[in-house]
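A closer look at the structure
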Amino acid sequence: MRVLWLCNIMLPFIAKSLGHKIVVKEGWLSGLAGKLIANQDRNHVTLAICFPASQDWGIVKGDTSLFVKNKAQGIDYYIFREDTDHPEHYDAAMEESLAAIIADFSPEIIHIFGTEYPHTLACVKAFGHPGRTLIGIQGLCSAIAEVYMADLPYSVQKKRTFRDIVKKDGLKDQQAKFAKRGEYEKQALSIVGHVTGRTDFDREMTKKFAPQAKYHFMNETLREDFYHDSWNIDRIERHSIFLSQGNYPIKGLHYLLNVLPEILEEYEETVVYVAGDVITAHNSIKDKIKLSGYGKFLLKQIKRHKLEKHVKFVGRLQSDRMCARFLKTHVFLCPSAIENSPNSVGEAMLLGVPVVSANVGGVHNLVYDGIDGFLYTKDKPTQLKDAILRIFEDDKLAMYLSSNARRHALRTHDPETNYRTLLEMYREINNSI
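Presented here is an overview of the structure given in this document. On a predicted model such as this, the values are computed, not experimentally measured, just so you know. Residue positions within a chain follow its written sequence, with the count starting from 1. Where local features are concerned, this predicted model is filtered to residues with pLDDT of at least 70; where side-chain atom pairs are given and counted, the filter is 80 or more; whole-chain, interface and lining totals use all residues. Side-chain numbers come from the whole structure's heavy atoms, not from hydrogens or water.

Another point: the overall build of the protein. On a plain count of helices and strands, the protein comes out with 17 helices and 14 strands. Compactness check: the protein gives a C-alpha radius of gyration of 22 Å against a globular reference of 22 Å for 433 residues, within 12% of the reference. Dimensions of the protein, computed from the C-alpha atoms along their principal axes, are close to 65 × 50 × 40 Å. By residue count, 58% of the 433 residues in the protein fall in the buried class. Counted over contacts in the protein with a minimum sequence separation of 6, partners at least 24 positions apart contribute 72%. Each accessible area value is a Shrake-Rupley result obtained with a 1.4 Å probe; residue values ignore everything except the protein chains displayed when judging cover. Only carbon and sulfur atoms are counted for the fraction: they give 49% of the accessible area of the protein, which is about 18400 Å². The helix count covers DSSP runs of H or I at least four residues long, the strand count covers runs of E at least two residues long, and both are numbered beginning at the N terminus. Using C-alpha atoms as the atom set, the radius of gyration is obtained and then compared with a globule rule of 2.2 Å times the number of residues to the power 0.38. When a residue's accessible area, from a 1.4 Å probe over protein chains only, is under 20% of the maximum for its type it is buried; when over 50% it is exposed; and in between it is partly exposed. We call two residues contacting when some pair of their heavy atoms lies within 4.5 Å.

To continue, consider the pattern of salt bridges. Opposite charge on two side chains permits them to pair, given that their charged atoms come into close proximity. Should a side-chain nitrogen of Lys or Arg be within 4 Å of a carboxyl oxygen of Asp or Glu, the pair is scored as a salt bridge. Counted according to the given criterion, the structure contains 21 salt bridges. Between Lys 69 and Asp 104 there is a salt bridge whose closest N-O contact spans 2.9 Å. Placement of the pair is Lys 69 in strand β3 (residues 68–72) and Asp 104 in helix α3 (residues 93–105), with a sequence separation of 35 residues. With relative accessibility at 40%, the residue Lys 69 sits in the partly exposed group. Using a relative accessible area of 37% as the deciding quantity, one classes Asp 104 as partly exposed. Put simply, Glu 416 and Arg 420 hold a salt bridge, and the shortest N to O gap is 3.9 Å. With Glu 416 and Arg 420 both in helix α17 (residues 415–431), this residue pair falls four residues apart, about one helical turn.

Along the chain, Arg 406 falls in helix α16 (residues 395–412). Residue classification places Arg 406 among the partly exposed positions, given a relative accessible area of 22%. Once the C-alpha coordinates of Arg 406 and Asp 85 are considered, the two residues, 321 residues apart in sequence, prove to be 37 Å apart. In this structure Arg 406 touches Tyr 227, Asp 229, Ser 230, Met 349, Leu 350, Leu 351 and Gly 352, once residues within four positions along its chain are discounted.

Before going further, it helps to spend a moment on the nonpolar core. For this analysis, a nonpolar core means a set of buried residues of the types Ala, Val, Leu, Ile, Met, Phe, Trp, Tyr and Cys, connected via side-chain atoms within 4.5 Å. In terms of nonpolar packing, the biggest core is built from 115 residues, with Leu 256 and Ile 388 touching the most fellow members. Broken down by element, the residue count for this core peaks at eight residues, all from helix α10 (residues 253–266). Not counting chain neighbours up to four residues away, the residues in contact with Ile 388 comprise Ile 241, Leu 256, Ile 263, Val 331, Leu 333 and Val 356. The next biggest cluster of nonpolar side chains, apart from the first, holds 34 residues, and it includes Phe 51, Tyr 77, Ile 109 and Tyr 419.

Moving on, we get to the sheet that holds strand β4 (residues 75–81). When DSSP finds two or more bridges between two strands, those strands count as paired. Read across the open sheet, the eight strands follow the order β3-β4-β2-β1-β5-β6-β7-β8; overall the sheet is mixed. On the outer flanks of this sheet lie β3 and β8 (214–217), each paired with one strand and no other. Recorded for the sheet is a direction-independent mean angle of 25° between the axes of neighbouring strands. Across five bridges, strand β1 (residues 2–6) lies against strand β2 (residues 46–53) in parallel orientation. Bridge pairing in β2 places Arg 2 opposite Thr 46. To define axes, lines are fitted to C-alpha atoms, for helices over the stretch in contact only, and angles between the resulting N-to-C directions are given on a 0 to 180 degree scale.

Let's shift gears to a nonpolar patch on the surface. Patches were defined on residues exceeding 30% relative accessible area and lacking a salt bridge, with like-charge contacts within 9 Å and nonpolar side-chain contacts (Val, Leu, Ile, Met, Phe, Trp, Tyr) within 5 Å. Among the surface-exposed residues, Phe 162, Val 166, Ile 285 and Ile 289 lie close enough to one another that they form a single nonpolar patch of about 440 Å² accessible area. Those elements that provide at least two residues to the nonpolar patch are α7 (162–167) and α11 (285–290). Within the element layout of this structure, Val 166 appears in helix α7. According to the relative accessible area criterion, Val 166 is exposed, its value standing at 54%.

Before going further, it helps to examine helix α12 (residues 293–304). How far a helix is expected to stretch is found by multiplying one less than its residue total by 1.5 Å. Across its 12 residues, α12 extends 16 Å between first and last C-alpha, which sits within 8% of the 16 Å expected from 1.5 Å per residue. Packing partners of the buried residues in α12 comprise α6 (154–158), α7, α8 (171–191), α10 and β11 (311–315). After α12 finishes, the residue Lys 306 shows a positive phi value of roughly 55°.

Spelled out as structure tokens, the structure:
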């Protein structure tokens, strides 16, 4: 069975083979790919992977062919061109590139990971076989667009910095871009034959946008590093809070900053660590010019509440450093305005880090409230604060949540179970052709 994966990013094992910087997004794909590659001699699946790169990126720069083909760990991979900086733009030329890749590899099944980029629609069109096309739902741009502002004051929503004006990328612009991407997403889902998901949220979205498609349930296998250690309350930095990112309003960092002064009244040594892009950087003139509207708003929040010593941006972390940061953490917080099944929550639970999360999207399918973490109503910051304080003040409760979370996550993210589910799904699709 020949299966072509279409991914949004270059997978780490390919990046490593090229000596290229590893992208930390969508890390769970590595776990799934690793299982397929390790068992390729007996799983009867011949895998190939394709992914986009911008026009001026290394290998494709100056290359006029429809795609670049190479091999890593015995797996063929293909690189095609896409304006990855402007995913709100649909380029029909991608259909020709993807058709050429499909002709070269001759897949029986195409598995597309995510609907967030227009290459998903281009691939569905280029392949032209809905019954052999599977889309895995990750995030949903159309749902993100609806809640993108995440309760920000209107004055903040409409304000644009110099950077926002030059790049035409203010908050209103960003929301419009997600809405446009959502249109391509809906088109792709409306003509595909198979969808895979894992939450009540993505199942309902499949019914809405892809009523003709068969829905397949499959959980995610997470990054290898997170299966080999566990949280220990005696090794943590007390009263530390960790967020996996705060780049965009939907990730909800501003919700936490609003209540952090009240948390500090109870535990004055509290420190918040935020991974991802450091969008509040302002030490140089260049930093200040690059400040986005949301970054500037966060910076004002931090300064207004005198939180400079209590909020630390740690940048993008590779999986080993991310794992180490989790293990030092007292509470992992996911304050997002929308999520499907956030892998950061899964990674925290897999390690046994006590989790507090907004009860949005499909998070309730990962976290059982009061048993292996706490869920709170998104626009109720007092609930957020109270959940964190309960864990800070009660070690027995923290260890109870930790133990339950780890057991739960080991079932949800069991690599062998998820691998078998994937193979069964491929066989079902292949046999139904």
